[in-house]
Amino acid sequence: MIVVGAGPAGLMAALAAAEEGAKTLVLEREKEPGGKLPWSGGGRGNLTHAGEIEELLRHYHGGERPGEAARFLRPALYAFSNQDLIRFFTARGLPLVREPDGRIFPQTQCARDALVALLSELARLGATLETGARVLSLRPKEQGFRVETVRRAFLGHTVVLATGGRARNPKPDGYALAASLGHRIAPLKPALVPVRLEPQAFAPFSSCVGVSLQGTRVRLLRAGKRRAQKEGDVLFTHAGLSGPAILDLSREIEPGDVLRVVLAPMLRDISAAEKRLQGAMAARGKCLVTTVLHELGLSRGLARALVCALGLAPDLRAAELSRGIRKALAESLAEGHPFPVAGLGGWEEAMVTRGGVRLAEVDPKTMGSRLVPGLFFAGEILDIDGESGGYNLQAAFSTGRLAGKSAAFLARQGRRP
């Protein structure tokens, strides 16, 4: 059998197939295997997330109907769960550790160590890996497939397409290969991507690059109505906002939307925020408003930026706060400061792809094509995108393993059904 793509999904598919005794060839377009695995989790390797399977499934999106991604992934995740993945790497000399937020990393805190473990296992099982082998065409034959690369052609009884997505990949060949065999491709859009804000509204916060809000709340508004909400960390960047809460919301965000970001997560109630401000005004009237805001939990830079954004003088004293100003500050602190959206980052900034091979055309119990017997899919090429925190890599490993086992079963028979 042949696996096209040597990212996390492709490597796991090849390992699963080789374990089943199938003669396995992996074709990788790039000079180095691994796809996005080496830089996942900021290079630390956020391989999966803790929790029960049903809990994990709530963090996936995609498909043409609500909940379709979760229903599709359920067989793969139950067949090879997050706990199975932990045992897989631990048994191969790479123990994993869980962080307080549930994210799971190699104990070494190095994503490349996970890639080394996968490649070592691939070599041990006798599978063949060819890099620099871009696939030009994929054609069904009477007893399998003809896979033509830039070098030469190969014949395989079954094929797993695990070529990854469009994110940070200028030439995603897998979509064209799937389409050439009749599969429909859901429109591709960047996902898990930073947000660019309207320059004028963001200008007061431009000095806050690197400032992070821990465990805050973000609401997405469109035409004044709430469309979505997320809790998590938010990071100020040179042009806007990033961090897990923003990245997870990004698949829903459009230019012209407004993000209301709670600037003081410890003050979730606006009335409590007003009381704190009123108390500070009475007790610390001679202090600068920026000092009072800092004492309420804001960094000094963010306190100055908020004062500037509300059009207040930087030397304004707490005793000079009017009721209206106090209410406006309380809203930004506890209800969320409004940030108008100019747009989203591009493919070079996206972590994953929204869209891909339509799920209705793939059998979730095998990852096999419903249109082309003997063809299988795994990983980001499918119309599934997970939230940040290890969910996408878990989906890649789980779908890869199921696709590899299923393809190997047919390949061992020496024929397509």
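Right above here is the structure, for reference.
What counts, and where the lines are drawn
- Residues numbered from 1 in each chain as written.
- Predicted model: local features only at pLDDT ≥ 70, side-chain atom pairs only at ≥ 80, totals over all residues.
- Heavy atoms only, no water.
- Pairing = 2+ DSSP bridges.
- Helix = DSSP H or I, 4+ residues; strand = E, 2+ residues; numbered from the N terminus.
- Expected span 1.5 Å × (residues − 1).
- Buried < 20%, exposed > 50% of the residue type's maximum accessible area, 1.4 Å probe, protein only.
- Contact = heavy atoms within 4.5 Å.

A.B. asks: Describe the sheet that holds strand S3 (residues 48-49), naming the residues involved and giving the relevant values.
C.D. replies: If you walk across this open sheet you meet the 3 strands as S3-S6-S5, and the pairing is antiparallel. Each having just a single partner strand, S3 and strand S5 (96-98) make up the two edges of the open sheet. One ladder, built from 2 bridges, connects S3 with strand S6 (residues 103-106); its direction is antiparallel. Among the inter-strand pairings, His49 is bridged to a residue of S6, identified as Arg103.

A.B. asks: So, helix H1 (residues 8-19): which residues are in play, and what are the values?
C.D. replies: For H1, built from 12 residues, the straight-helix expectation of 16 Å at 1.5 Å per residue is met to within 8% by its first-to-last C-alpha distance of 16 Å. Among the 12 residues of H1, 11 are classified as buried, and the element is accordingly described as predominantly covered. Within H1, burial applies to Pro8, Ala9, Gly10, Leu11, Met12, Ala13, Ala14, Leu15, Ala16, Ala17 and Ala18. Turning to H1, the residues buried within the fold contact strand S1 (2-4), strand S2 (25-27), helix H4 (82-91), helix H5 (111-124), strand S11 (159-161) and helix H13 (391-413). Immediately beyond the C-terminal end of H1, within one or two residues, lies Gly21, with a positive phi of roughly 95°.

A.B. asks: Quick one: what's the story with the environment of Val135, residue by residue and with numbers?
C.D. replies: Turning to its location among the elements, Val135 is positioned in strand S8 (residues 135-141). The class for Val135 is buried, based on a relative accessible area of 6%. Each C-alpha atom, one on Val135 and one on Leu302, is 50 Å from the other, the two residues being 167 residues apart in sequence. Each residue touching Val135, except ones within four places of it in the same chain, is listed here: Val4, Leu27, Val147, Glu148, Thr149, Asp173 and Leu177.

A.B. asks: Describe the pairing of S6, naming the residues involved and giving the relevant values.
C.D. replies: In this sheet, S6 lies alongside S5 in antiparallel orientation, the contact comprising 3 bridges. Paired with Leu96 across the strands is Pro106, a residue of S6. Linkage of S5 to S6, two consecutive antiparallel strands, is achieved through a turn of 4 residues, within which Gly102 is found at a positive phi near 100°.

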